[in-house]
Amino acid sequence: MGNIRILTEEVANRIAAGEVIERPASVVKELVENAIDAGATRITVAIEKGGKQLIQVSDNGCGMREDDALQCFERHATSKINTVQDIFSIHTLGFRGEALPSIASVSKLQLITKIPEDDVATVVEFDGGRLSNMSKTSANSGTTITVRRLFSNVPARRKFLKTDQVEFKHILNYLHYQSILYPHINFTFISNNTTKLNYPAVNTSQDRLLAVFGTDFLKKDIIEIEASGRNMNVTGYIGGLEEDQATIADYKYLFVNGRYIKDKVVFHSIKTAYEPFIKKLRIFQNGSTPPYILFLNVDADKVDFNVHPAKLELRFTDPHSVHSFIKTTITNALLDYEDAKYRQIKQTLSSVIQTNQTSQLEQKIFTRKTDQRRFSEYKKELEKVYQPDLFRTEDPQDKLIEERMIQPEIIVKPEEEIINPWQLHQSYIFVQTDDGLLVIDQHAAHERVLYEKILQRIHGASAQTQKLLFPIVIDLPNHLTHIIPELIEHNLEIFTRVGFSLKSFSGNSIVIDEIPAELEEWDGGEIFIDILRQLQEEYGETEDFRDSMAKSVSCKAAIKAGRKMTKREMVVLINDLFACQVPYFCPHGRPLMIKLSLTYFEKKFKRIES
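Definitions and limits used
- Residues numbered from 1 in each chain as written.
- Predicted model: local features only at pLDDT ≥ 70, side-chain atom pairs only at ≥ 80, totals over all residues.
- Heavy atoms only, no water.
- Pairing = 2+ DSSP bridges.
- Helix = DSSP H or I, 4+ residues; strand = E, 2+ residues; numbered from the N terminus.
- Axes fitted to C-alpha atoms, helices over the stretch in contact; angles between N-to-C directions.
- Buried < 20%, exposed > 50% of the residue type's maximum accessible area, 1.4 Å probe, protein only.
- Arc of directions from axis to C-beta.
- Contact = heavy atoms within 4.5 Å.
- Expected span 1.5 Å × (residues − 1).
- Polar contact = N/O pair within 3.5 Å; in protein donor to acceptor, adjacent residues only side chain to side chain.

**Q** Just to check I follow, could you spell out the sheet that holds strand β24 (residues 593–597) for this structure?
**A** Pairing between the strands of a sheet is mediated by backbone hydrogen bonds and can be parallel or antiparallel. With antiparallel pairing, four strands are arranged side by side in an open sheet as β18-β19-β20-β24. Edge strands, defined here as strands with exactly one partner in the open sheet, are β18 (422–424) and β24. Neighbour to neighbour, the strand axes of the sheet diverge by 30° on average, direction disregarded. As paired elements, β18 and strand β19 (residues 428–433) share three bridges and run antiparallel to each other.

**Q** Help me understand helix α8 (residues 205–213) in this model?
**A** Structurally, the α-helix is built with 3.6 residues per turn, so residues lying three or four positions apart point the same way. All of the buried residues in α8 are R208, L209, V212 and F213. The arc that holds every buried residue of α8, seen down its axis, measures 110°, which confines them to one face. Tucked into the core, α8 has its buried residues touching α7 (164–181), β7 (186–191), β8 (194–199), β10 (232–239), β11 (252–256) and β13 (292–298). With its phi angle positive at about 105°, G214 sits one or two positions after the end of α8.

**Q** What am I meant to see in the sheet that holds β10 here?
**A** Pairing is mixed across the open sheet formed by five strands, whose spatial order is β9-β10-β13-β11-β12. Strands at the two margins of the open sheet, each flanked by one partner only, are β9 (222–229) and β12 (259–260). Alignment of β9 against β10, held across eight bridges, turns out to be antiparallel. Directly across from I225, in β10, lies its bridge partner G236. Against the sheet, α7 contacts β11, β12 and β13, and its axis sits at roughly 55° relative to β11.

**Q** So what exactly am I meant to see when it comes to helix α15 (residues 442–458) here?
**A** For α15, which comprises 17 residues, the first-to-last C-alpha distance of 24 Å matches the rise-based estimate of 24 Å (1.5 Å per residue) to within 8%. For α15, the tally of buried residues reaches 14 of 17 residues, placing the bulk of the element in the interior. One side-chain oxygen of the residue at the start of α15 lies 3.1 Å from the amide nitrogen of H443, identifying that residue as D441. Once α15 ends, the next one or two residues include G460, with phi positive near 125°.

Read these as spatial facts, not as claims about activity.
Laid out in structure tokens, this is it:
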């Protein structure tokens, strides 16, 4: 006799239970999802001792007929799919047909179910995977499944369960997920005869979110998103960039086609989108991301849920498109958020540039009135005490002095005094705003300004150049001779648009007679070697020569940290920065400005409570 044999149904169900039923929350998940698929609008979950002793799920869904009530306990019995093709176009939550037989094999299970057309309900009972009773009873339409003594016949599995409180928490979390997904369903959760959760049915997802997270949910630092792309769309909420830890909620929910999912592709896209923005926030420097609640819908044939027995994972047929779509959506939302945050500052600066005049209020502030009394007034007062002749003068100017009116002198302050920036350690620019303080990294800010200017030149804008007194010949160092000569040869036009005039080059030598006007520190051509060195590194990262060129030149031409700037220079830089398309981080993704609110300082100095 051979060694290969067919497993019995009981053993097969036990194995399936090991894959599908990990803990009490797994049972709740399978039964609740069946209830949702059955069209329930009311689902009640009751447990005892964290679900170890009792799990009961009741719904008002469509129910089952007597023959289906028994058939559903057969392995791979399902009403959700018929053909192989159906597996790749799943529209329901449960479809594998493993849940009920798996649960029944490791517990004592009772099912009571009734369709509206029947007068009585069907009762089916299993004990350790074996049918123990089938009868009739009175009940409302729908289904109630009661699971007792989970894993009592599998002690090895039962000992791995955590405390009642931990198992309770897993169930509570799952019901929160489902409550968010299905606002039209009334969810009730009872633990040890105490109601822990009761969410009445509501009309919108927003109403359910307010019920789950509190009525002030939308008043927090939350950004609403909505976008559509090819074969997919996404809605939901993401956390803003608030510095205060107290405002940060710890929720990270991803729902794909009506399922709570943990997916590495989507998580990475969220993390990548946030990275340039949150590097400046200490709260998120441990590698985590701000909170999010995302509802992603993908065409059913573009996603495979048949990857994990418990359907907690999925596989996208085109993960790159999903990653790009989510990243772009969140990046755009965060840029709009930053634009709104700094809009008031930008408008203030813009008005100063456009009008170059003072408002009526500023005229009052900057008006100096010479408070001088006329000489004749002094004269009249003194005449009361002294003889008038003592104060008489023959100077013909007396008449002019007596009649002169001192007019108010309006002093219109220059722009740099209105904005009044100042430097910290000759590296950071500070500007007071209406509600706090703006801090700008002068090098990163100038780098962003130059980067966008150079990109505009590459795409057709005229370049400003400075001609060298004598052409200079630069010999490339050995480490640049492998890639740079070929890059220059294939991209000579781009060098010209940026502002470099490379008349000729041969071997490892380059002749230059014009350079961009922004390169103030030419340093005998050494700066060009630095540009080429960084260009080689940048091009290895992006493989986009135009972007690499703009990054390399802007980095080397930008104002360095440690350089003292006049107020006028600072104002020009700030104005140029806020004229940029993306004024919030440098070309390499490093944040270049931080806004600290007045509230932040008041909390630090204990003027108000945190």
